Structures are given as structure tokens and as C-alpha cells.
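Each chain, written out:
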Amino acid sequence: MNAISKIKQMQHEMTAKEKKISKFILQNLDNIVYMNTYQIAEKCNVSQASVVRFAKKLGYSGFPDFKISFGREMGRRDVEDKVNFIYEDIKEKDELDDVIKKIVYANSNIIQDTYSMIKTETIREAIDVLKTARKIYILGAGYSGIVAKDFHYKLGELGMNSMCESDYHIQLASISTLGEDDVIFVISQGGKTLDIYNLVKSAKKRGAKIISVTQISPNPISDLADIKINTVVEKNNFRSTALSSRIAQLTIIDIIYVSLIVENKQLAERYIGDAIKLVSDFKM
């Protein structure tokens, strides 16, 4: 996960001093690589030690290590032409051309950030669990519910036994049938939706394995999970948080879906081929 994404994702875990440092960095993206701990500390009215602790909290060995990662990210984003634009909220007075550019840049950026967070071993573990599951129950609400439906459709194409219900009472009834050979695949942007949390908690008591797709910051739903897959959450207006999170979630779903196809190509071709033929029979 890159430096900028880490700063944004870990805001709620930061102290007041760390939040001052993070705010200064995000507001001065094109200058940070040229500054040292003393200069940043002076600008933020904190100690140099606070700047070093800030870098370590993000997972770096120290401030120089943070600057190396930060510099690489800034190079990727093309500072002068894209960075400030990407992180600028959509405004009511924006021209259509600006809205198009901001959405396209934001979505492409979300996919890159998601890639930087993906742990291959975690995806591998999730795939292995899904392949051997007796039943896969997919949970999601709101925009995450749309992604859940998409995953349910994809697994159905592969002939896998998956379920995805939106009615809470039906969900409860279905959860009561799960056991140790079953899997809950839960998709939640913040990981704090109460109804979804209660369903996951009930499934865990019955021994079902839990795979969660949530933001990287600790949250109640991922705390219950056996396998935790993280996505990026961008904080912006015009509901772009929900929109960008959906792009990140769909990216994870597509990775798992295609991996399942690659690992059992013969079976996938049979099911998908049959589905394509069946649909084509109903076209004019």
C-alpha cells in the first residue's frame, strides 16, 4: 500500500499531532520529498520525534524510508498534472469535462491503490477456501450489496453453490443452516454495518469460515474474519466514497473470479459455455 493511501486510511488511528502532520503532507504533496523532519516539525508545530513516529506508525523504518515510498508514488501520479486534481473534490460548478476527468482519474487511481494493497497469499487462501466450500453465502448492503450480487452471479457462472439474499429475515434463516464446510463472503466498505455484523457473528458461531472485504483500518466485521482482504476508501463528496469503494471491491471480485477460472479452466469453460449458449438461444 502506498504512502498517500496509508495516510488517508489510518486517520482515525492517529493522535492529534499525527493528524496535523498528515494534513500538512496531504496539502503539500509536491513539497514533502524536499523537506526534512525539522522543516515538517516546524511547519506543524510538533517535535521531530513526532514526525519520525508518524512515519513508523505508517509502517516505515523511519522518515527517509517514508520519503522514498512517497517519492515513488508522486512520480507515478505525475505531480504537476494529476495529483492535486485527483484529490480535489467534485464541485457543483464543475464543467462536465472536469467531472469526467475527475471520475476517470479517481477510479484509475483507486485500482492502482487497491493493487498496492493486495497480498497474494491472502487471495490464494481465499480462493482455496472458496473452491472447497459446500455453500458460499455472500453478504453486502447498499453499494456493497450490488457488488455482492455481481460476485454471486459470477460464482453461479462457474457452477459454484452460492447465495446472496437482501431480505434480513431470509438471511437469518439461511445463516442458521451454515456449518464448518460453508463460507461467508462479506463485502463491507467500512466494516461497521450492524445487520451485516450480526449475520457474520451468527455464522461464525456455527463454525463457518469468514472472508471479509473491507477497508484496511480495523473494524468489527474484519475482526471476525478468518481471511481479511483490504480495499481502499477515498474520502470525498458527491458520494464518491461509495462509488470509489465499489470500484475497489469489484476489482477484488474480478481477481478472484478470473483466478477460479484459470485454476479450473475445463470446468469453467463447460459452465460458462453452456450459459452463453443458453442465452444466445433467446436472442433475436
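Predicted model only: the values in this text are computed from it and were never measured. (Residues numbered from 1 in each chain as written. Predicted model: local features only at pLDDT ≥ 70, side-chain atom pairs only at ≥ 80, totals over all residues. Heavy atoms only, no water.)

**A closer look at the pattern of salt bridges**
Logical step 1: Summed over the entire model, instances satisfying the criterion amount to nine salt bridges.
Logical step 2: Across the pair Arg124 and Asp128 runs a salt bridge whose closest N-O atoms are separated by 2.9 Å. With Arg124 and Asp128 both in helix α8 (residues 120-132) and four residues apart, this pair spans about one turn of that helix.
Logical step 3: Among the residues examined, Arg124 registers a relative accessible area of 34% and is labelled partly exposed.
Logical step 4: For Asp128, a relative accessible area of 33% corresponds to the partly exposed category.
Logical step 5: Measuring nitrogen to oxygen at the nearest pair gives 3.5 Å for the salt bridge that ties Asp254 to Lys154. Highlighted residues: Asp254 in helix α13 (residues 240-263) and Lys154 in helix α9 (residues 143-157), separated in sequence by 100 residues.
Logical step 6: Owing to a relative accessible area of 13%, Lys154 belongs among the buried residues under this scheme.
Logical step 7: Among the charged side chains, a network of salt bridges with common partners joins Arg124, Asp128, Lys131 and Glu263. (Salt bridge = Lys/Arg side-chain N within 4 Å of Asp/Glu carboxyl O. Helix = DSSP H or I, 4+ residues; strand = E, 2+ residues; numbered from the N terminus. Buried < 20%, exposed > 50% of the residue type's maximum accessible area, 1.4 Å probe, protein only.)

**Examining empty space enclosed by the protein**
Logical step 1: According to the stated counting rule, one finds two cavities of 30 Å³ or more in the structure shown.
Logical step 2: When its volume is computed, the largest cavity comes out at roughly 70 Å³.
Logical step 3: Along its surface, the largest cavity is lined by Met117, Ile118, Lys119, Thr122, Ile123, Lys228, Ile229 and Asn230.
Logical step 4: Only α8 and β5 (227-231) provide two or more residues apiece to the lining of the largest cavity.
Logical step 5: Broken down by element, the lining of the largest cavity gets its largest block of residues, three residues, from β5. (1 Å grid on protein atoms, 1.4 Å probe; cavity = no way out; pocket = protein on both sides within 12 Å on 5 of 7 lines; lining within 4 Å. Points joined across faces, edges and corners; volume = space filled by probe spheres on them.)

**A closer look at the nonpolar core**
Logical step 1: Ranked by internal contacts, the top residues of the largest apolar core, which has 27 residues, are Leu130, Ile138, Phe185, Ile211 and Ile256.
Logical step 2: Going through the elements one at a time, α8, β1 (135-140), α9, β3 (182-187), β4 (209-215), β5 and α13 are the ones with two or more residues in this core.
Logical step 3: In contact with Phe185, other than residues within four places in its own chain, are Leu130, Ile136, Tyr137, Ile138, Leu139, Phe151, Ile211, Val213, Ile253 and Ile256.
Logical step 4: Counting residues in each nonpolar core, the second largest holds 23 residues, with Met10, Leu29, Val51 and Phe70 among its members. (Core = buried A, V, L, I, M, F, W, Y, C linked by side-chain atoms within 4.5 Å. Contact = heavy atoms within 4.5 Å.)

**Looking at the side chain of Lys6**
Logical step 1: Structurally, the position occupied by Lys6 is in helix α1 (residues 3-9).
Logical step 2: Asp65 is the oppositely charged side chain nearest to the buried, salt-bridge-free Lys6, at an N-O distance of 7.6 Å.
Logical step 3: A distance of 3.0 Å separates a polar atom in the side chain of Lys6 from the backbone oxygen of Leu58. (Lys, Arg positive; Asp, Glu negative; His and termini not counted. Polar contact = N/O pair within 3.5 Å; in protein donor to acceptor, adjacent residues only side chain to side chain.)

Note that every value here comes from positions in space, so none of it alone points to a role or purpose.
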